[in-house]
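So the chains spell out like this:
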Amino acid sequence: MAHLPSRVTPPFKLYRITRECGGKPLQSGCDIVRAVASLGDEDGDDELVRTDALPAIRVQRVRTRLVVLSGPDAGRDWPLMPGRYRVGSGRDADILLSDRAVSRQHLILEVNESGVRAVDPGSRNGSYCEGMRFQELEVRTGAVLKLGTTELKLMPESERPRARPLSARSAFGSLVGNSRRMRELFTLLERLSAGESDVLIQGETGTGKELCAEAIHTHSPRARGPFVIADLAGIAPSLLESELFGHVKGAFTGAHSDRAGAFERAHGGTLFLDEVGELPLEVQPRLLRALERRQVKRVGSNDYRTFDVRVVAATHQDLEGSVQAGRFRGDLFHRLAVLRVGLPPLRERLEDVPLLVDTVLQRMGRPPSALSDQTRALLAQYPWPGNVRELRNVVDRVVNLGDEALPDIPDLPSPPRTPPPCRRLRTTRRARAPSPWTSPSRKPRTASSKASSATTCAPSSTAARATCPARPVRRASTACTCASCCASTAWTRHRRKWVWASRPPAFAATSAGSRGRMFPGRVITCRTARYSSGPYSGTCRP
């Protein structure tokens, strides 16, 4: 059985080929191919076997980068422009790797408009792509190459720059700052102010969201139009529709005349919706329609009125989380957040505190010398949970009342303090004072008794007593003479026995050495003191 050439694609039939074809001997392989192509099937129908042509593959011209995923050079990347690059650990390599398992000239990358071709010139440890070793390979975008212990990934180059260019100004409207975060913010505000799209400002309380909205309006083409503020958190829910969309006379009790809503009053200018996250769910569909159609209908009216307004909304809440929790409509969120601005909290830009202090003093009409350098240094260390609003109030208070009005700066967190160890002392061989609880006929025990040879535990502080290692634990021991531990009010008398005050009488401690008489301030010997259960179960230890 002869083997068909690879260019003959299925479906095909196998034929028995002899040395002769049509009475003529076959001389070469080409004759065999022609003979196979001219043969018909068994029924006598001649068919020409052809290779189907594939559709042309469109070559994507994508700019790529070579990124190191793992290895000693993880995190580095190189842009790949059209050309030839040598990858290795040698000094003459175009892409130098510090991996000791990489040869001096480990791989050659040929970059052109059609793609990237990788050639291994004979490295010692070989080159691998997705677990397969190769000598020559057309590398697709997103493929991972492994050279030694280093993994390289071919990724498309991003069109946008990684870092936003910094603005040259230190103030944008009433917003002030010299830090990198604020200068990047000023660059963003400069770009979006020139447009007409709606803006969503997000930031913590006191970061200056209203000042940011006013600055956007001032630097926009609508600067000559009105700037209307609608504080949604300060309006009663029953009056929100009337405040936003207006009402006609007689629409409800107290509507004595027609009144234009905030959208109509801001015609030709900017409408600032403060704390939009507080908007009730039943009002959100009407606001969404107003934003989509740019039309409003007054409460009690049948006609829609068209308006021309740029909407700037602000909130301190996490609207994405509110959408997931079902407290805010997702379509309304996406309609408001066409352009998004995030204001950084003051604790993330403490280098702006001196400039902000000078700005506040200037607006108060006070010279910069109104605050000493020591006071300024203390203000720069405060975390400012209330952000710029709190800073303004503190500066005003310190200027009028003095340094006593400075806020309490939290101390650095101290490491957990361990209680001092118990001092192990020997009992003194002196006669003890008679106990007020002993019988008058009983003689006080002296140092000659058998309990006088035990040791005692004397914690040096009240805090140490709570964690004293001589307290009852779950381990066997021989004796316990915890005079200082027993000096607290933990022991109480019950039926002529001393027991823990926090435990029921059933768990009374019996002592053969002291005959059940445990009292504060007395050195005792608990040779057989045992506790059946509970937090103090076990036996005492010395």
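Before reading on, note that the structure itself is shown above.
The following refers to the structure shown. Quick caveat: nothing in here was measured; it's all calculated off a predicted structure.

Sheet architecture is open: five strands sit in the order β6-β5-β7-β8-β11, paired in mixed fashion. Looking at strand neighbours, the two that pair on one side only are β6 (95-96) and β11 (136-139), the edges of this open sheet. Bridging between strand β8 (residues 115-119) and β11 involves four bridges; their strand directions are antiparallel. Bridging from a neighbouring strand, V119 pairs with E136 of β11.

A few words now on the nonpolar core. Core analysis: the biggest nonpolar cluster contains 31 residues, and L232, F263, L271, L273, L332 and L336 have the highest contact counts within it. At the level of secondary structure, the elements contributing two or more residues to this core comprise β17 (227-231), α4 (240-245), α5 (262-265), β20 (270-274), α6 (284-293), β23 (310-315) and α8 (330-336). Sorting elements by how many residues they give to this core places α6 first, with four residues. If you look at the next biggest cluster of nonpolar residues, it comprises 22 residues, including V68, V87, L97 and L145.

Here we take up the pattern of salt bridges. Applying the stated criterion across every chain, the model contains 23 salt bridges. The partner of R169 in a salt bridge is E190, with the nearest N and O atoms 2.9 Å apart. Placement of the pair is R169 in the loop between β13 (150-156) and β14 (171-172) and E190 in helix α2 (residues 180-193), with a sequence separation of 21 residues. As a salt-bridge pair, R181 and E348 come within 2.8 Å of each other at their nearest N and O atoms. Of the two residues, R181 is situated in helix α2 and E348 in the loop between β24 (339-342) and α9 (353-364); the sequence distance between them amounts to 167 residues. The network of salt bridges with shared partners includes D198, E292, R294 and R335.

Okay, the packing of α9 against helix α11 (residues 387-401) next. One can describe the packing of α9 onto α11 by two numbers: an axis separation of 10 Å at closest approach and a directional angle of 60°. Overall, the two elements α9 and α11 adopt an arrangement that is oblique. α11 is crossed by α9, and the crossing has right-handed handedness. Where α9 approaches α11, its residues L356, V357, V360, L361 and M364 are matched on the opposing element by V388, L391, R392, V395, D396 and V399. For the contact of α9 with α11, the class distribution of residues is nine nonpolar, no polar and two charged.

Summed over the entire model, instances satisfying the criterion amount to five aromatic pairs. Considering the side-chain rings of F172 and F186, the 6.3 Å spacing of their centres and the 25° angle between planes classify their relative orientation as stacked. Of this pair, F172 sits in strand β14 while F186 sits in helix α2, placing them 14 residues apart in sequence. The pair F172 / F186 is uniform in exposure class, with both members buried. Both rings, one in Y382 and one in W384, keep their centres 4.7 Å apart while their planes meet at 80°; by these two values the pair is edge-to-face. Judged by its relative accessible area of 0%, W384 is buried. Three or more aromatic residues joined by ring pairs make a cluster, and in this case those are F245, F263 and F307.

Moving on, we get to the pairing of strand β5 (residues 83-88). Looking at chain direction, β5 and strand β7 (residues 107-112) are connected through five bridges and run antiparallel. Looking at β7, one finds that R84 is bridged to E110.

In this section: the pairing of β8. Relative to β8, β7 runs antiparallel, the two being bridged by five bridges. Counterpart to I108 in the pairing with β8 is V119. A loop of two residues connects β7 with β8, the two strands running antiparallel in sequence.

It is worth spelling out the sheet that holds strand β16 (residues 199-202) at this point. Taken in spatial order, the five strands make up an open sheet running β17-β20-β23-β16-β24, and their pairing is parallel. The outermost strands of the open sheet, each flanked by one partner alone, are β17 and β24. Taking the axes of each pair of neighbouring strands and ignoring which way they run, one obtains an average angle of 20° across the sheet. As paired strands, β16 and β23 are joined by four bridges and run parallel to one another. Paired with Q202 across the strands is T315, a residue of β23. Each of β16, β23 and β24 is contacted by α2, which is oriented at about 155° to β24, the strand it contacts most. Here helix α3 (residues 209-218) sits on the sheet and contacts β16, β17, β20, β23 and β24; the angle it forms with β16, its principal contact strand, is near 150°.

What follows is about the environment of P344. Mapped onto the fold, P344 is located in the loop between β24 and α9. Excluding its chain neighbours within four sequence positions, the residues that come into contact with P344 are R181, M182, L185, T207 and R349.

Let us now look at the side chain of T187. Among the secondary structure elements, T187 is positioned in helix α2. Here the side chain of T187 touches S167 through a polar contact of 3.0 Å, landing on its backbone nitrogen.

Analysis parameters
- Residues numbered from 1 in each chain as written.
- Predicted model: local features only at pLDDT ≥ 70, side-chain atom pairs only at ≥ 80, totals over all residues.
- Heavy atoms only, no water.
- Pairing = 2+ DSSP bridges.
- Helix = DSSP H or I, 4+ residues; strand = E, 2+ residues; numbered from the N terminus.
- Core = buried A, V, L, I, M, F, W, Y, C linked by side-chain atoms within 4.5 Å.
- Buried < 20%, exposed > 50% of the residue type's maximum accessible area, 1.4 Å probe, protein only.
- Salt bridge = Lys/Arg side-chain N within 4 Å of Asp/Glu carboxyl O.
- Axes fitted to C-alpha atoms, helices over the stretch in contact; angles between N-to-C directions.
- Parallel < 35°, antiparallel > 145°, perpendicular 65-115°, else oblique.
- Left-handed = near helix turned anticlockwise from the far one by under 90°.
- Contact = heavy atoms within 4.5 Å.
- Nonpolar A, V, L, I, M, F, W, Y, C, P; charged D, E, K, R; others polar.
- Phe/Tyr/Trp six-rings, centres within 6.5 Å; stacked < 30°, edge-to-face > 60°.
- Polar contact = N/O pair within 3.5 Å; in protein donor to acceptor, adjacent residues only side chain to side chain.

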